[in-house]
Every structure is written in C-alpha cells, then in structure tokens.
Amino acid sequence: MVKEQAHRWQRRKEERPSEIIDAALEVFVEHGYAASKLDDIARKAGVSKGSLYRYFDSKADLFKEMVMQVVIPELEKAESTVNDYQGAIATLITSMVTNWWKTMGETRVCGIPKLVISEAANFPELAEFYVDSVIKRGRKLVAGMIKRGIESGEFREIDPDYAARIMISPVVFASIWKESLSSFDDEYDINHFLVMNTEIFLRGISRNRETDI
C-alpha cells in the first residue's frame, strides 16, 4: 500500500511540468503575456508558486518552454509528413493547411500568434525567440514544398521564400481574427476562407493555371 501511494505521488510529480505548461497556455492566451501572473498560472495548475519555480526559472522561461512543448511538436510532425510524402505538392499543401488549422487553429494554441504580435514591442526577446523557433521554421517548411513543386514542373518559376510568406499570411490572419474579432462577425467561416485562399494561391503558382496574370 505504501509503495502504491509513493508511486502515485511520483507520477503526479512527473506530470506537473506539463500541467503547468497547459495552465500557462490558458492564462497567457486569456490575459496576454504582460498581465499574466505566475501566481495565477500556479493556481490554475494546482501547484504552489514555489513548485512552479522548481521547474521554470521565470515567466519568460515558462513561455519559451510552452512554445517548445506545444507548438514545436506539431512542426516536427509536419516536417516528417513532408519528408515522407510522394505525390502532387498542391495536394500536400492543401492537406497541410487543413490539418494545421484543425490541430492548431481550433485549439487554444491559436491565441499564441496574436499574443506574440501584440506584445512584441515590449518583449522583443520573446518575439525574436518565437520568430526564430516557429515562424522561420514553418516558413522554411512551406518554401521547401513550393521549391519541390517548382523542380517537378508542377509550379512555375517563382521565389519560394516569398511565396511561402504569401501562403502563410492568411493562416496567421485567421488566427488573429479568431482571437479578436470573430465574435463580432459570425458570418466568417475560417475553414472556408482558408480552403478558398489555398485554392487561389495554388492556381496562381501553378504552371498549368487557367490564365496568366
């Protein structure tokens, strides 16, 4: 009985960092980085502030670890999918946009882009971290797909890096809109918007597009 109880407490201790990260995501997205207090995060996670400091040195450290634990794994999955994929790149891009919104845009993670953009001026270190860790990595992934399409003859000759920026921008916009103005515009179907935008984008870069612009 004593061993079983000890094991339960040990397991609880091992779970605490992930519980703190989940709580941090909720508090950061709801209140913004500046207004978020470690006391509130600890309370939401069900731990003391002292316990929180056993795992994270500061609020900035907690924010960075949250990004590493919540966002980066999804990027890694996307990279693995792209590396293993064989077929039309247009189909892959459409699937990636749809899946990304489903796994990220329809969850609390959707609030991170708005959080970073709105507080970038006051917390440049965190903004730089997010750009380096997430934005540039995601852009490189998209640019790589476009480059593959160019090399296979599926897409016309364009700058893959700027094409990636064009493709990603509506996804970022959709995330910010969802976390700010969506409650005032119930006619805006974000999924439909992203599907339509992806279709227009792919038609624009396709070597076999219907018309030249």
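It should be noted that the structure appears before, not after, this text.
Not measured: the values here are computed from a predicted model. (Residues numbered from 1 in each chain as written. Predicted model: local features only at pLDDT ≥ 70, side-chain atom pairs only at ≥ 80, totals over all residues. Heavy atoms only, no water.)

Section: the overall build of the protein
Now for step 1: Scanning the protein from N- to C-terminus turns up ten helices and zero strands.
Now for step 2: Scanning the protein from its N terminus toward the C terminus, one meets helices and strands in the order α-α-α-α-α-α-α-α-α-α.
Now for step 3: Each of the three principal axes of the protein carries a C-alpha extent, and together these read 70 × 40 × 35 Å.
Now for step 4: Restricting to contacts in the protein with at least 6 residues of sequence separation, those with at least 24 account for 70%. (Helix = DSSP H or I, 4+ residues; strand = E, 2+ residues; numbered from the N terminus. Contact = heavy atoms within 4.5 Å.)

With respect to helix H5 (residues 72–84)
Since the α-helix packs 3.6 residues into each turn, any two residues three or four apart lie on the same face.
Now for step 1: When the terminal C-alpha atoms of H5 are compared, their 18 Å separation across 13 residues agrees well with the 18 Å that a helix rising 1.5 Å per residue should span.
Now for step 2: Taken as a whole, H5 has its buried residues at Ile-72, Glu-74, Leu-75, Ala-78 and Val-82. For H5, the angular spread of the buried residues around the axis is 155°, confining them to a single face. Facing away from the buried surface of H5 by more than 90 degrees, the exposed residues are Lys-77, Asn-83 and Asp-84.
Now for step 3: Packed against the buried residues of H5 are helix H4 (59–70), helix H6 (89–105) and helix H8 (124–152). (Expected span 1.5 Å × (residues − 1). Buried < 20%, exposed > 50% of the residue type's maximum accessible area, 1.4 Å probe, protein only. Arc of directions from axis to C-beta.)

So, the layout of surface pockets
Now for step 1: The volume enclosed by the largest pocket comes to roughly 610 Å³.
Now for step 2: Residue lining of the largest pocket: 31 residues in total, with Leu-75, Trp-100, Met-104, Gly-138 and Val-171 positioned closest to the centre.
Now for step 3: At the level of elements, H5, H6, helix H7 (111–119), H8 and helix H9 (160–178) are the ones that each hand at least two residues to the lining of the largest pocket.
Now for step 4: Residues belonging to the lining of the largest pocket are distributed by class as follows: 22 nonpolar, six polar and three charged. (1 Å grid on protein atoms, 1.4 Å probe; cavity = no way out; pocket = protein on both sides within 12 Å on 5 of 7 lines; lining within 4 Å. Points joined across faces, edges and corners; volume = space filled by probe spheres on them. Nonpolar A, V, L, I, M, F, W, Y, C, P; charged D, E, K, R; others polar.)

Brief notes about the pattern of salt bridges
Now for step 1: By the definition in use, this model includes nine salt bridges.
Now for step 2: Across the pair Asp-40 and Arg-43 runs a salt bridge whose closest N-O atoms are separated by 2.9 Å. A residue pair is termed a helical-turn pair when its members lie 3 or 4 positions apart in one helix, as Asp-40 and Arg-43 do in helix H2 (residues 38–45) at three residues.
Now for step 3: You can call Asp-40 partly exposed: its relative accessible area is 29%.
Now for step 4: The exposure class assigned to Arg-43 is exposed, which follows from its relative accessible area of 58%.
Now for step 5: Glu-199 serves as the salt-bridge partner of Arg-203, at 3.3 Å between the closest nitrogen and oxygen. Separated by four residues within a single helix, Arg-203 and Glu-199 lie in helix H10 (residues 190–205), roughly one turn from each other.
Now for step 6: Judged by its relative accessible area of 44%, Glu-199 is partly exposed. (Salt bridge = Lys/Arg side-chain N within 4 Å of Asp/Glu carboxyl O.)

Examining empty space enclosed by the protein
Leftover empty space is mapped by rolling, across the atoms, a probe with the size of a water molecule.
Now for step 1: A full pass over the atoms with the stated rule returns one cavity of 30 Å³ or more.
Now for step 2: Within this model, the largest cavity holds a volume of roughly 60 Å³.
Now for step 3: Lining the largest cavity, in full, are Tyr-33, Phe-63, Leu-115, Val-116, Glu-119, Ala-120, Phe-123, Leu-126 and Ala-127.
Now for step 4: Every element with two or more residues in the lining of the largest cavity is listed here: H7 and H8.
Now for step 5: By residue number, the principal contributor to the lining of the largest cavity is H7, which donates three residues.

Re H10
Now for step 1: The end-to-end C-alpha distance of H10, which contains 16 residues, comes to 23 Å, matching closely the 22 Å that a straight helix rising 1.5 Å per residue would cover.
Now for step 2: Within H10, the full set of buried residues consists of Ile-190, Leu-194, Thr-198, Phe-201, Leu-202, Gly-204 and Ile-205. Along the axis of H10, the buried residues cluster in a sector spanning 155°; they form a single face. Looking at H10, the residues exposed on the side facing more than 90 degrees away from the buried face are His-192 and Ile-200.
Now for step 3: Each element contacted by the buried residues of H10 is listed here: H6, H8 and H9.
Now for step 4: Between the side-chain oxygen of the N-cap and the backbone nitrogen of Asn-191 there are 3.1 Å, and the N-cap of H10 in question is Asp-189. (Polar contact = N/O pair within 3.5 Å; in protein donor to acceptor, adjacent residues only side chain to side chain.)

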